[in-house]
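# Coordinate analysis (summary)
Single-letter residue listing:
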Amino acid sequence: MSAPVHTVEEAVQAALATVDDPEIRRPITDLGMVRSALVGDDGVVRVELLLTVAGCPLREKLRSDITAAVGAVPGVTGVEIEFGVMSPEQRQELQSKLRGGGATEEPVIPFAQPGSRTRVYAVASGKGGVGKSSVTVNLAAALAARGLSVGVVDADIYGHSVPRMLGADGRPTRVEDMIMPPQSHGVKVISIGMFTAGNAAVVWRGPMLHRALQQFLADVYWGELDVLLLDLPPGTGDVAISLAQLLPNAEILVVTTPQAAAAEVAERAGAISLQTHQRVVGVIENMSWLELPDGTRMEVFGAGGGAAVAESLTRTIGAEVPLLGQVPLDTRVREAGDAGNPIVLAEPESPAAQALGRVADRLAVRRESLLGKPLGLKPAGR
Ligand SMILES: Nc1ncnc2c1ncn2[C@@H]1O[C@H](COP(=O)(O)OP(=O)(O)OP(=O)(O)O)[C@@H](O)[C@H]1O
Ligand SMILES: [Mg+2]
């Protein structure tokens, strides 16, 4: 090859270094995404680009940015881009590179790693008291009863309801730097409230809250989990946003009551996923009706809230959001929760337990592969 071609190659490399990955916001050359860039005798540059995940939605943006940058290099007559996908090892390397770049070492959250096979469900609601914690503990117990390895994070700073509802009131223990979660009914449980108790609420906001959640999620030793359920505080506050950043692969499970007003706020909680790019796995309507002794159903909180939320989210998100189930009112739901023995275990034949069990069946799917899953990285500078 002659000398001028070599110069063009250098100029092409320099041009590629000006292109940032739109998500990570660092040069694609730094991120190990450019596998090769060859300048042909005809002046056509062939770039082989490794995407962090297959089906990367930003692929076309990368294509146009690279074409513009490289196409502007004198001597280049055309740009051809071939897309490949990083291997899990390459992604891992990329992550540690991003982590190592900063002054402090980032705590590693196992569920956000590219190799993680844990399905993470964040149970969210627009308003309080709709039965989010009850649904969470019952799904957890039902999934564990199906032989899955299950963990629950009570992400409500003020609430200890989840450990109590599961009868896991033991204190977490510390081994070296790891926190060992108490276990009950085959479910490992940890409550953020166990670690923040006694601190003024104002302390746990914004960046500090974010750091605390990150450390917490990194320090708890869960072992290999099939499913991790997060009971979020009601609404769309700091915790929900932080968790979305820390666990971008979490799928959102929206809980609502049949009431129109509750449904409206539940919708807002679900629609947050548009900003966080999280999948909404479905809607659960709780307190749907009360079965009277004569067998008729009394619709204490009205009707249709769950279906309305599911339809509305399907429309706004543009992907099917199913109504996963309707759980009737039953005093035994509360009694079982108060006794630390979820109704799916205490009264498995009751209609409420049956409804919760059917939802668990639909969620009891192992994560098959990473393809199409977010990488779990925050954009730099946040
Ligand atoms: N299907 C049901 N039938 C009867 N009682 C229920 C049902 N679901 C929940 N409850 C009861 O309603 C109350 C509120 O439920 P829960 O604590 O699960 O709601 P939550 O959404 O987690 O509330 P918070 O916003 O305070 O965290 C509890 O006393 C619980 O036992
Ligand atoms: Mg709760």
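What counts, and at which threshold
- Residues numbered from 1 in each chain as written.
- Chains lettered and ligands numbered in written order.
- Predicted model: local features only at pLDDT ≥ 70, side-chain atom pairs only at ≥ 80, totals over all residues.
- Heavy atoms only, no water.
- Helix = DSSP H or I, 4+ residues; strand = E, 2+ residues; numbered from the N terminus.
- Buried < 20%, exposed > 50% of the residue type's maximum accessible area, 1.4 Å probe, protein only.
- Contact = heavy atoms within 4.5 Å.
- Areas by Shrake-Rupley, 256 points an atom, 1.4 Å probe, with all protein chains shown as cover.
- Phe/Tyr/Trp six-rings, centres within 6.5 Å; stacked < 30°, edge-to-face > 60°.
- Lys NZ or Arg CZ within 6 Å of the ring centre and 35° of its normal.
- Near = heavy atom within 4 Å.
- Polar contact = N/O pair within 3.5 Å; in protein donor to acceptor, adjacent residues only side chain to side chain.
- Nonpolar A, V, L, I, M, F, W, Y, C, P; charged D, E, K, R; others polar.
- Core = buried A, V, L, I, M, F, W, Y, C linked by side-chain atoms within 4.5 Å.
- pLDDT = per-residue confidence, 0-100.
- Pairing = 2+ DSSP bridges.
- Axes fitted to C-alpha atoms, helices over the stretch in contact; angles between N-to-C directions.
- Salt bridge = Lys/Arg side-chain N within 4 Å of Asp/Glu carboxyl O.
- Patch = residues over 30% accessible without salt bridge, like charges linked within 9 Å, V, L, I, M, F, W, Y side chains within 5 Å.

Attention now moves to the overall build of the chain. Assigned secondary structure in the chain consists of 14 helices and 14 strands. Each of the 382 residues in the chain was classed as buried or not, and the buried ones make up 51%. A sequence separation of at least 24 residues applies to 74% of the contacts in the chain between residues at least 6 apart. Carbon and sulfur atoms provide 53% of the accessible area of the chain, an area that totals close to 17,400 Å².

Right, let's talk about the packing of aromatic side chains for a bit. Here the structure, examined in full by the defined rule, presents one aromatic pair. The residue whose ring lies beneath Arg-297 is Trp-289, and the NZ or CZ to ring-centre distance is 3.7 Å.

So, about the site of ligand 1. The immediate surroundings of ligand 1 are formed by 16 residues, with Gly-129, Lys-132, Ser-133, Ser-134 and Asn-286 found nearest. Within the contact set of ligand 1, an oxygen atom lies 2.8 Å away from a backbone nitrogen or oxygen of Ser-133. At 2.9 Å from a nitrogen atom of ligand 1 is found a side-chain nitrogen or oxygen belonging to Asn-286. Contributions of two or more residues to the shell around ligand 1 are made by helix 4 (132-145), strand 12 (280-291), strand 14 (323-329) and helix 12 (331-338). The leading source of residues in the shell around ligand 1 is helix 4, at three residues. Among the residues forming the shell around ligand 1, the class breakdown is seven nonpolar, six polar and three charged.

Nonpolar side chains tend toward joint burial in soluble globular proteins. Val-153 and Leu-247 are the most contacted members of the largest nonpolar core, which totals 40 residues. For this core, the elements supplying multiple residues, two or more each, are strand 4 (119-124), helix 7 (206-219), strand 10 (227-231), helix 8 (238-246), strand 11 (251-256), helix 9 (260-271), strand 12 and helix 11 (305-317). Counting residues in hydrophobic clusters, the runner-up holds 39 residues, among them Leu-139, Leu-229, Ala-352 and Leu-363.

Residues at a pLDDT of 70 or more form 86% of the chain, whose mean pLDDT is 84. Model confidence for the chain, summarised as mean pLDDT per element, is weakest for helix 6 (residues 193-196) at 69 and strongest for helix 13 (residues 343-346) at 98. Below pLDDT 50 for its whole length, residues 369-382 participates in 36 contacts with residues either more than four positions away or in separate chains.

Taken together, the three strands give an open sheet; going across it, the order is 1-2-3, and neighbouring strands pair in mixed fashion. Of all the strands in the sheet, the pair left with one neighbour each is strand 1 (34-39) and strand 3 (78-85). Neighbour to neighbour, the strand axes of the sheet diverge by 15° on average, direction disregarded. Here eight bridges tie strand 2 (residues 44-51) to strand 3, and the two strands are oriented parallel to one another. If you follow Val-45 over to strand 3, its bridge partner there is Val-79. Here helix 2 (residues 59-71) sits on the sheet in contact with strand 2 and strand 3, set at roughly 145° to strand 3.

A separate point is the pattern of salt bridges. Applying the stated rule across the entire model yields 13 salt bridges. Here Glu-48 and Arg-35 are joined by a salt bridge, their closest N and O atoms 3.0 Å apart. You can see Glu-48 sitting in strand 2 and its partner Arg-35 sitting in strand 1, a full 13 residues away along the chain. Take Glu-48: its relative accessible area is 23%, and that puts it in the partly exposed class. Residues Glu-251 and Arg-119 are paired through a salt bridge, measuring 2.9 Å at the closest nitrogen-oxygen approach. With a gap of 132 residues between them, Glu-251 in strand 11 and Arg-119 in strand 4 connect regions that are remote in the sequence. Residue Glu-251 is classed as buried on the basis of its relative accessible area of 2%. Residues joined in a network through salt bridges with shared partners are Asp-42, Arg-46 and Glu-80.

Once that is clear, we can look at a nonpolar patch on the surface. Side chains of Leu-290, Met-298, Val-300 and Phe-301 sit close together on the surface and give an oily, nonpolar patch of about 300 Å² of accessible area. Judged by its relative accessible area of 38%, Val-300 falls in the partly exposed class.

The next thing to look at is the side chain of Ser-125. With respect to the secondary-structure elements, Ser-125 resides in the loop between strand 4 and helix 4. Note on Ser-125: relative accessible area 0%, which makes it buried. There is a polar contact of 2.7 Å between the side chain of Ser-125 and the backbone oxygen of Lys-127. For Ser-125, the residues in contact, after removing those within four places along its chain, are Val-130, Lys-132, Pro-234, Gly-235, Val-255 and Ala-269.

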